[in-house]
Amino acid sequence: RAELPEQPNGGVRLGPPPQVVLGQAQLYLGRVPGHGVRRGDAEGLRHLAHARDRTAVDALRALIVSRNFSDFALDEKKRIFTALGMIAGASVVPLFREHLFAKALLNKQLVHEVHAAAVAGLGVINSAEARAALKEGATSSNETVAALCRHTLAQVDRTPPRAERS
């Protein structure tokens, strides 16, 4: 195990060193040559989200729109959207909104999972813009989207909106 560097305040930083976090994230995102996108690496994605490393934003965005995204389980899709929301903040609300209101042409199950993941990401962002998207979704004619948005709004209404991060 790598040494954990001391922090300026005299405390020891919790969690793995940054190079370990980035290594796990790169494996998760399939950025290591010879590896595809790895499913089931929830720990690596959790570290990535909590590290809030903005260098992962483009890779996470690319993952969401990749062909491989449909291979992920629903909870993994939610973790990916949540990690992107935690890292990028309000700057990804338009992307999440686009996924929230996506129409099902062929694979309705996949679209329902993407709706759920987008709602989870908007709930984590919890900015005024994210709440507005959730409120719009709560009035959607798609009952699944409406129910997900109402449930998430009930949860985020218990906490104050986060300051805008961009």
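Residues numbered from 1 in each chain as written. Predicted model: local features only at pLDDT ≥ 70, side-chain atom pairs only at ≥ 80, totals over all residues. Heavy atoms only, no water.

*Asks:* Explain the packing of aromatic side chains to me, please; I cannot follow it from the model alone.
*Replies:* Aromatic ring pairs are described here by two measures, namely the spacing of the ring centres and the angle between the planes. Here the structure, examined in full by the defined rule, presents three aromatic pairs. Relative to Phe 72, the ring of Phe 69 lies with its centre 6.0 Å away and its plane at 45°, an arrangement referred to as tilted. The same class applies to Phe 69 and to Phe 72, which are both buried. Relative to Phe 96, the ring of Phe 81 has its centre 5.0 Å away and its plane inclined at 50°; by these criteria the two rings are tilted. (Phe/Tyr/Trp six-rings, centres within 6.5 Å; stacked < 30°, edge-to-face > 60°. Buried < 20%, exposed > 50% of the residue type's maximum accessible area, 1.4 Å probe, protein only.)

*Asks:* Mind showing me how you'd approach helix H3 (residues 57–65) here?
*Replies:* Think of an α-helix as turning once every 3.6 residues; residues three or four places apart then point the same way. Taken together, the buried positions of H3 are occupied by Val 57, Ala 59, Leu 60, Leu 63 and Ile 64. For H3, the angular spread of the buried residues around the axis is 165°, confining them to a single face. Exposed side chains of H3 directed beyond 90 degrees from the buried face belong to Asp 58 and Val 65. (Helix = DSSP H or I, 4+ residues; strand = E, 2+ residues; numbered from the N terminus. Arc of directions from axis to C-beta.)

*Asks:* Explain the pattern of salt bridges to me, please; I cannot follow it from the model alone.
*Replies:* Should their charged atoms come close, side chains of opposite charge can pair. The tally for this structure, following the rule as stated, stands at five salt bridges. A salt bridge links Glu 113 to Lys 77; the shortest N-O distance between them is 2.4 Å. With a gap of 36 residues between them, Glu 113 in helix H6 (residues 108–125) and Lys 77 in helix H4 (residues 74–88) connect regions that are remote in the sequence. Comparing Glu 113 with Lys 77, the two get one shared label, buried. (Salt bridge = Lys/Arg side-chain N within 4 Å of Asp/Glu carboxyl O.)

*Asks:* Mind showing me how you'd approach the nonpolar core here?
*Replies:* It is characteristic of soluble globular proteins that their nonpolar side chains tend to be buried jointly. Ranked by size, the top nonpolar core spans 37 residues in total, and within it Phe 81, Leu 84, Phe 96 and Leu 122 carry the most contacts. Of all elements in the fold, only helix H2 (42–51), H3, H4, helix H5 (93–100), H6, helix H7 (128–138) and helix H8 (143–156) reach the threshold of two or more residues within this core. Not counting residues within four places of it along the chain, the set of residues in contact with Phe 81 comprises Ile 64, Phe 69, Phe 96, His 99, Val 114, Ala 117, Ala 118 and Gly 121. (Core = buried A, V, L, I, M, F, W, Y, C linked by side-chain atoms within 4.5 Å. Contact = heavy atoms within 4.5 Å.)

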